[in-house]
Amino acid sequence: MPESRDRKDILLEAGLTLASELSLPIVLQRIVDLAAQVTDARYGALGVIGDDSNLVEFVTTGISDQERRAIGPLPTGRGVLGLLIHEPKPVRIKNIAEHPKSVGFPAHHPPMRSFLGAPVQAMGRVFGNIYLAEKRTAAEFSDEDQKSLIVLATQAGAAIANASLYEEVRSREQWLAALRDITNRVLSGDEQASLLESIAEHARKVAAADAATVVSVSQTPGELVVAAAVGARSSEMRGQTLPADGSISGAVMKSGQPLSFDDVSADRRAFQPIVRLGRHGPAVFVPLRVPGGAAGTLMVTRLKGSSRFDERRVRLVETLADQASVAIEYGRAQTELQRLGLMEERERIAKELHDGIIQSLFAVGMSLQGTALMANSPDVSARIERAVEELDKVIRDLRNYIFGLRPGILADRQLDQALRLLGEEMQSGSRARVEVDVDASVAASLSARSAQIVQLTREALSNVARHAKASRASVRLGRHGSEAVLTVEDNGVGFDSSRDSKGSGIANMRARAANLGGSLEVTSEEGKGTKLLITFPI
């Protein structure tokens, strides 16, 4: 046992040592080591108490890492350990097993008899408790040991307060630096993928986490995707997909409220392939809120077996996520402005082509036709008529180009008009009667892809006119769940659909359907007509 003078020297040196250290993890470990040294204890621990009065961290001395892993999870604060949590005052016990509050030890726990504990107070609250066990040179801890531990616990409280304040200042500095960097990246026009990676990395640092991910909505309905990942196993997690329904990210997006877990792998909603990849334990999921809902989630996580995230770090991640949401929305708004600018430019070019060049070509064609009437030579008249026919082809080509340049003229209800016009054109150029039935609400939701839909319908009707020898055909555009369904059907001669006829252009239409993100199904029999079913997401 340390002599009285030695003990005082150790306590004085301990106060100076603890006051000079600003790293909280190092402070906690030094407190435990010094407590065991000054009281001649074989084992020591410092239990950090969370907001819910449970132990959230357990720093030990005298126990190897292998022994700690064998013991298992953190103590829950029951039994003798719970005495100090519920009544923060020194406790000295000769034999733990004989105490009425004792609940025994877990498997693989080293045997312990004598016990000494004292609360550590910091910043006006009980930060945690120092636990000592197994006095080396006596059957139990002495009154002097208890007094020394109280002095050390007081010094520890001041040291923890300093280290905690320093850590909080550093966290806020990191948070401010993160906000500044995100704002600069947004204003400089960084691509969204790079921006999301930066947000995830800043969140990881602010939360003192091992990994962070940003999950966003994918192009497939009901599916989410890991859009950004940093930290442990990030390259393997990036691009992983998960369902919106039944997943933690989906629940957070739906509720708009964050969720915190001591061990996310134990939650049935956790998408286990991603959890296993990162060996996730403690985790926090925060929604990326945008007008009308959430655009995704920001998750920070620590490796399995690590301490949980405290409330202060959770709040920092939440505020960072809110700023990140603003950045994402700003980026989307900029993209939309660029898209609208491009559409306006295309509209302008199309208008100039239609109102200027086509009208001029019409005038030239009419002038040439007048000249042909006045020509005395049949050969000259014939050549002029051929030139007029070529001008008509050029005008038709220009109109097709204008059609491609001006998707705006097909927007909303005008897609309906364009499909009806295609039916009328086929009906006037053939003996088939063409019926067109279009769901206006579906047409409105497909305005961005109107040009592709009309081109696909035009090709399908062209095949009917050239090959089907039909007396009746129909075009229908409707909805089935989250998908649009375009049907082109005729009562013509049909063909063997087990082989794609080169003349039917089926392969080309399959490619157009694939460009829409959908598929083409062909049903046909010789003598029984043909049905084309094109399905693609709305």
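Because the structure is predicted, anything quoted here is derived from the model rather than measured.

A.B. asks: Can you help me understand the packing of helix α2 (residues 24-39) against helix α5 (residues 143-187) in this one?
C.D. replies: Relative placement of two packed helices is described by the angle separating their axes and the distance separating the axes. Viewed as axis vectors pointing N to C, α2 and α5 meet at an angle of 170°, and their least axial separation amounts to 10 Å. When the interaxial angle is binned, α2 and α5 end up roughly antiparallel. Contact residues: L24, P25, V27, L28, I31, L34, A35, V38 and T39 in α2; D145, S148, L149, L152, A156, A159, I160, A163, S164 and E167 in α5. The class makeup of the residues in the contact of α2 with α5 is 14 nonpolar, three polar and two charged.

A.B. asks: Mind showing me how you'd approach the environment of A468 here?
C.D. replies: Locating A468 in the fold gives a position in helix α14 (residues 450-468). Residue A468 is classed as buried on the basis of its relative accessible area of 8%. In this structure, the C-alpha to C-alpha distance between A468 and G527, residues 59 residues apart in sequence, is 9.7 Å. When residues no more than four places from it in sequence are discounted, the contact partners of A468 are N463, D490, G492 and V493.

A.B. asks: So what exactly am I meant to see when it comes to the packing of α14 against helix α15 (residues 506-515) here?
C.D. replies: It is at 10 Å that the axes of α14 and α15 come closest, and there the two elements cross at 160°. In terms of their interaxial angle, α14 and α15 are classed as roughly antiparallel. Judged by the sense of rotation from one axis to the other, the crossing of α14 with α15 is left-handed. Residue-level inspection shows Q452, Q455, L456, E459, A460 and N463 of α14 in contact with α15, the latter providing N508, M509, R512 and N515. Here the residues of the contact of α14 with α15 are counted per class, giving three nonpolar, five polar and two charged.

A.B. asks: Help me out: how do you make sense of the sheet that holds strand β12 (residues 433-438) in this one?
C.D. replies: By way of backbone hydrogen bonds, the strands of a sheet pair with one another, either parallel or antiparallel. Spatial ordering of the open sheet is given by β12-β13-β14-β16-β15, a layout of five strands whose pairing is mixed. Edge positions in the sheet fall to β12 and β15 (519-524), since each has one partner strand and no second. Along the sheet, successive strands turn relative to each other by an average axial angle of 10°, direction set aside. Sheet topology places β15 next to strand β16 (residues 530-537); six bridges connect them, and they run antiparallel. Residue pairing for β16: S524 is matched across the bridge by T530. The strands touched by α14 within the sheet are β13 (472-480), β14 (483-490) and β16, with β14 carrying the most contacts at an inclination of about 15°. Packing against the sheet, α15 makes contact with β15 and β16, and its axis sits at approximately 145° to β15.

Rules used throughout
Residues numbered from 1 in each chain as written. Predicted model: local features only at pLDDT ≥ 70, side-chain atom pairs only at ≥ 80, totals over all residues. Heavy atoms only, no water. Axes fitted to C-alpha atoms, helices over the stretch in contact; angles between N-to-C directions. Helix = DSSP H or I, 4+ residues; strand = E, 2+ residues; numbered from the N terminus. Parallel < 35°, antiparallel > 145°, perpendicular 65-115°, else oblique. Contact = heavy atoms within 4.5 Å. Nonpolar A, V, L, I, M, F, W, Y, C, P; charged D, E, K, R; others polar. Buried < 20%, exposed > 50% of the residue type's maximum accessible area, 1.4 Å probe, protein only. Left-handed = near helix turned anticlockwise from the far one by under 90°. Pairing = 2+ DSSP bridges.

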